[in-house]
Amino acid sequence: MNTCRQCGATLAENAQYCMQCGTAASPPPASSAQASGEPLVVGRFLGPAFLSGTVMGILAAIPVVNCLCCAWVLGGGGAAAWLVGRDLPRGTTGALGFGDGAFAGVLTGVWGAIVATLASIPFRFLSAEALEEARAEIEALLSQSPEISGPMREMMLSLISPDLSPLAVLLTLMINLLTYSLFAMIGGILFVAIVRRPDRTAG
Amino acid sequence: MESGKIAAAPPAGSARLLLAAGAALWWGAIVAAPLVDLDWVYTFFSAICHQNPDRVWHLAGAPLPVCVRCASIYAGFLLALLGRIPPNSRFLRVALAATLLEFLIARAGLDLEPARAATGLLLGLAAAGFVGAGVAELLRDRISRTFARADQ
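Just so you know, these numbers come straight off a predicted model, no measurement behind them.

A few words now on the overall build of chain B. Helices and strands together make up the secondary structure of chain B, namely five helices and two strands. N-terminal to C-terminal, the α/β element order of chain B is α-α-β-β-α-α-α. In chain B, which comprises 152 residues, the share counted as buried stands at 43%. The long-range fraction of contacts in chain B, counting pairs at least 24 apart against all pairs at least 6 apart in sequence, stands at 76%.

The helix and strand inventory of chain A stands at six helices and zero strands. When the helices and strands of chain A are listed from N to C terminus, the series reads α-α-α-α-α-α. For chain A, the proportion of its 203 residues judged to be buried stands at 39%. Of the contacts formed within chain A by residues at least 6 apart in sequence, a portion of 68% connects residues at least 24 apart.

Residue and element names in this part refer to chain A. Relative to each other, helix α1 (residues 43-61) and helix α3 (residues 98-126) sit at 35°, their axes nearing to 6 Å. Viewed along their axes, α1 and α3 form a crossing whose handedness is right-handed. Between α1 and α3, the contacting residues are F45, P48, A49, F50, S52, G53, T54, M56, G57, I58, A60 and A61 on the first element and F103, A104, L107, T108, W111, G112, V115, A116, A119, S120 and F123 on the second. Tallied by class, the residues present in the contact of α1 with α3 amount to 16 nonpolar, seven polar and no charged.

Residue and element names in this part refer to chain B. Compared with an ideal rise of 1.5 Å per residue, which puts 15 residues at 21 Å, helix α3 (residues 68-82) spans 21 Å between its outermost C-alpha atoms and is within 8% of the ideal. Inspection of α3 places R69, C70, A71, S72, I73, G76, F77, L78, A80 and L81 among the buried residues, and these make up the whole buried set. Looking at the residues trailing α3, positive phi occurs at R84, about 50°.

Ranked by size, the top nonpolar core spans 73 residues in total, and within it A:V73, A:F183, A:I189, B:V66, B:A127 and B:F130 carry the most contacts. Of all the secondary structure elements, the ones that give two or more residues to this core are α1, α2 (71-86), α3 and α6 (166-195) of chain A together with α1 (13-36), α3, α4 (89-107) and α5 (113-151) of chain B. For this core, the element with the most residues is α5(B), which contributes 13 residues. Residue contacts for A:I189: discarding those within four places in its chain leaves A:F98, A:G101, A:A102, A:G105, B:F130, B:V131 and B:G134.

The next point concerns the confidence of the model for chain B. Residues and elements named next belong to chain B. This prediction gives chain B a mean pLDDT of 85; 86% of its residues lie at or above 70. Mean pLDDT values for the elements of chain B range from 84 in α5 up to 94 in α3. Under the prediction, the complex receives an ipTM of 0.84, its pTM being 0.75.

A few words now on α1(B). All names here are of chain B. Here α1 contains 24 residues, and its C-alpha end-to-end distance of 33 Å stays within 8% of the 34 Å for a straight helix at 1.5 Å per residue. Within the span of α1, buried status applies to A15, R16, L19, A23, I30, A33 and P34. Within two residues after α1, D37 carries a phi angle of roughly 55°, on the positive side.

What follows deals with the confidence of the model for chain A. Residues and elements named next belong to chain A. For chain A, mean pLDDT is 76; residues scoring 70 or higher make up 63% of the total. The model gives residues 28-35 a pLDDT under 50, and that stretch makes 28 contacts with residues more than four places away or in other chains. Confidence drops under pLDDT 50 across residues 199-203; counting only partners more than four residues distant or on other chains, this segment forms eleven contacts.

Glancing now at unusual backbone geometry. Backbone phi values are negative for most residues with the exception of glycine, while trans is the configuration of most peptide bonds. Residues and elements named next belong to chain B. Its identity as a non-glycine residue notwithstanding, Q51 has a phi of 55°, on the positive side. Summarising the element assignment, Q51 is placed in the loop between α2 (39-45) and β1 (58-59). One non-glycine residue, A60, adopts positive backbone phi at about 55°.

All right, on to the environment of B:L78 then. Residues and elements named next belong to chain B. Here L78 lies in helix α3. Spatially, the C-alpha atoms of L78 and A20 are 6.5 Å apart, while their sequence positions differ by 58 residues. Apart from residues no more than four positions distant in its own chain, L78 is found in contact with A23, A24 and W27.

If you trace the backbone, B:A118 turns up in helix α5. For B:A118 and B:A136, which are 18 residues apart along the polypeptide, the C-alpha to C-alpha distance reads 28 Å.

The next point concerns the environment of A:N176. With respect to the helices and strands, A:N176 occurs in helix α6. Exposure remark for A:N176: the 25 C-beta atoms within 10 Å place this residue in the buried category. Between the C-alpha atom of A:N176 and that of A:G57, which follows or precedes it by 119 residues, the distance is 9.8 Å. Beyond its immediate stretch of four places on either side in the chain, A:N176 contacts A:A113, A:A116, A:T117 and B:A47.

Calculation notes
Residues numbered from 1 in each chain as written. Chains lettered and ligands numbered in written order. Predicted model: local features only at pLDDT ≥ 70, side-chain atom pairs only at ≥ 80, totals over all residues. Helix = DSSP H or I, 4+ residues; strand = E, 2+ residues; numbered from the N terminus. Buried ≥ 20, exposed ≤ 12 C-beta atoms within 10 Å, placed from the backbone. Contact = placed C-beta atoms within 7 Å. Axes fitted to C-alpha atoms, helices over the stretch in contact; angles between N-to-C directions. Left-handed = near helix turned anticlockwise from the far one by under 90°. Nonpolar A, V, L, I, M, F, W, Y, C, P; charged D, E, K, R; others polar. Expected span 1.5 Å × (residues − 1). Core = buried A, V, L, I, M, F, W, Y, C linked by C-beta atoms within 7 Å. pLDDT = per-residue confidence, 0-100.

Here is the structure:
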């Protein structure tokens, strides 16, 4: 009688997934933990995350180039997953698991957020004139919204001010950390999903 | 077997709930922003979307904080999680190819909002199952094991 490796529930014969918790009936064949029973060591992810995060952060900070929504961030996570997989010995682990792609993406996103925040500082100075115009427009809009006042108003104006304040840098960094790590994680997972060969034994 | 089916663990209980709650909150913030003037939401999403006023939907006369494509992807993602659509690599590849094709056609001059919305929705629907599996594995392989080692 088969039981779920996650929750211990009894599984029907030939069941693909546990009906209680949704875990696959048999371990995913290319999962990170499958080959050796242990996930890949963290050190394998650091180099790829550093390289991908640096490129991604710079591209995401350049005005005009960064117009493709989160494409650079998704691509950065995917590139990190590719670099990690490329270094794996053939025939052993063979392919990355989704968890590996996610982990590579998260690390890339965190580093990329730091790089993007720092790289955006010189671009901010270079586009000071445009920022001044945008700030004037926002101030005019805010003057029609008296409910937005105090710290909220100051925060919004500081984000588009050519005068760089520590608060603006900190806020940008926090937003970038959250969004970049999330989207780079998704990029890493989707890269693994696209390149991984379908399992012929499943289903 | 169904062609293209991947033996990925579907998002196990807590991971799926976590993702669905996050996706609902994400989508809720996008819809609420124009309705109740949540300016910080616009600031937040400016980090990951161009917010071009010509390429966004409007709600109650105000623009959504993300473009049509992003809004459609997020909607598809949430729907797939709620509908428990399983991961399928062929579906993902087709959705990604459709999105890229639409992008290229739009650059060539035929830029249609319904096409952006449809391909975005498809991509969100196709991606959610894999993201769920990835988050479940990440939690199992990295977070749970780290805490387990700390307890020893």
